[in-house]
Amino acid sequence: MSTRTSFSGPAAPDLTGLRGDGLKVAIVAAQWHQEIMDALVDGATRGLAESGIDEPRVVRVPGTFELPVVCSRLASSMMFDALVALGVVIRGGTPHFDYVCQAATSGITQVCVNTGVPIGFGVLTCDDEQQAVDRAGLPESREDKGFEAAQAAIATHQAIRSIGC
């Protein structure tokens, strides 16, 4: 179980006790902001391991903008039951932040809808680096969004399976 607290408070779903034994999962992670990204990958890997998934495939991509294309290829390959997409975009002084965030969100959503493969969305979109650190699952963090994204992917896979699809 993750030791982090959540800013989401009492409205957050309780996803403890998830079992994903036998599922094939890939983690697709950006490389910008290496310390934060490494922590997100560690959190996702831990979240999967706690659910019985010990060897996820980890694919690193240059940045958050590149997440959708790799998620699309992995989902379309039919080799994976679920994916976890991890990235971090920190606001700067140009509209670049908005374009990258919109492209990643829309692209990952499109992959989910078009393929039916659940993707845990662990893309941090922050105003500053401290906000990212607070959510990265580092020792000084309050949240562990990598862990949460992994749990969301498994829970969504279970929901799809429960309706017979």
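Residues numbered from 1 in each chain as written. Predicted model: local features only at pLDDT ≥ 70, side-chain atom pairs only at ≥ 80, totals over all residues. Heavy atoms only, no water.

Chemist: Report on the pattern of salt bridges, specifying residues and quantitative values.
Modeler: If charged atoms from side chains of opposite charge come close, those side chains can pair. What the rule picks out here adds up to eight salt bridges. A salt bridge links Lys145 to Glu148, with the nearest nitrogen and oxygen atoms 3.0 Å apart. Of the two residues, Lys145 and Glu148 are both situated in helix α5 (residues 145–162); the distance of three residues between them amounts to about one turn of the helix. A relative accessible area of 28% places Glu148 in the partly exposed class. Three or more residues are tied together by salt bridges with common partners; here these are Arg135, Glu143, Lys145 and Glu148. (Salt bridge = Lys/Arg side-chain N within 4 Å of Asp/Glu carboxyl O. Helix = DSSP H or I, 4+ residues; strand = E, 2+ residues; numbered from the N terminus. Buried < 20%, exposed > 50% of the residue type's maximum accessible area, 1.4 Å probe, protein only.)

Chemist: Before we move on, could you go through the side chain of Glu143 and cite the residues and values that matter?
Modeler: Considering the arrangement of structural elements, one finds Glu143 in the loop between α4 (129–135) and α5. By relative accessible area, Glu143 is classed as buried at 2%. Only 2.9 Å separates the side chain of Glu143 from the side chain of Lys145, close enough to count as a polar contact. (Polar contact = N/O pair within 3.5 Å; in protein donor to acceptor, adjacent residues only side chain to side chain.)

Chemist: I'd like a description of unusual backbone geometry, backed by residues and values.
Modeler: For His33, which is not glycine, the phi dihedral falls at a positive 60°. With respect to the helices and strands, the residue His33 is situated in the loop between β1 (25–30) and α1 (34–50). With phi around 60°, Met78 is a residue other than glycine that occupies positive phi space. Counting through the fold element by element, Met78 comes out in the loop between α2 (67–76) and β3 (82–90).

Chemist: Tell me what's going on with the state of the cysteines, and back it up with residues and numbers.
Modeler: A full pass over the atoms with the stated rule returns zero disulfides. Cys112 supplies the cysteine sulfur nearest to Cys71, a cysteine that is in no disulfide, at a spacing of 7.9 Å. A relative accessible area of 0% places Cys71 in the buried class. (Disulfide = S-S within 2.5 Å.)

Chemist: Before we move on, could you go through the UniProt feature "active site" (unreviewed entry) in the chain and cite the residues and values that matter?
Modeler: Per the UniProt entry, the sites bearing "active site" (unreviewed entry) are His96 in this numbering. Within the fold, His96 resides in helix α3 (residues 96–115). Its relative accessible area of 53% is what places His96 among the exposed residues. (UniProt positions renumbered as here; feature names shortened; annotations may be inferred.)

Chemist: So what's going on with the environment of Leu23? Which residues, and what values?
Modeler: Mapped onto the elements of the fold, Leu23 is located in the segment before β1. Under the relative-accessibility criterion, Leu23 is labelled buried at 10%. Sequence separation between Leu23 and Thr45 is 22 residues; the distance between their C-alpha atoms is 13 Å.

Chemist: Summarise the packing of α1 against α5; cite the residues concerned and give the values.
Modeler: Running from N to C, α1 and α5 cross one another at 40°; their axes reach a closest spacing of 6 Å. Taken together, the axis directions place α1 and α5 in an arrangement best described as oblique. With respect to the hand of their crossing, α1 and α5 are arranged in right-handed fashion. When α1 is examined against α5, the residues Leu40, Gly43, Ala44, Arg46, Gly47, Leu48 and Glu50 are found in contact with a partner set consisting of Lys145, Gly146, Phe147, Ala150 and Ile154. (Axes fitted to C-alpha atoms, helices over the stretch in contact; angles between N-to-C directions. Parallel < 35°, antiparallel > 145°, perpendicular 65-115°, else oblique. Left-handed = near helix turned anticlockwise from the far one by under 90°. Contact = heavy atoms within 4.5 Å.)

Chemist: Explain the sheet that holds β3 residue by residue, including any values.
Modeler: Spatial ordering of the open sheet is given by β2-β1-β3-β4, a layout of four strands whose pairing is parallel. Looking along the sheet, the strands with just one partner apiece sit at the ends: β2 (57–61) and β4 (119–126). Taken over all neighbouring pairs, the strand axes of this sheet differ in orientation by 15° on average, direction set aside. Against the sheet, α3 makes contact with β3 and β4, and its axis sits at roughly 170° relative to β4, the strand it touches most. Across the sheet, α5 is in contact with β3 and β4; its angle to β3 comes to roughly 150°. (Pairing = 2+ DSSP bridges.)

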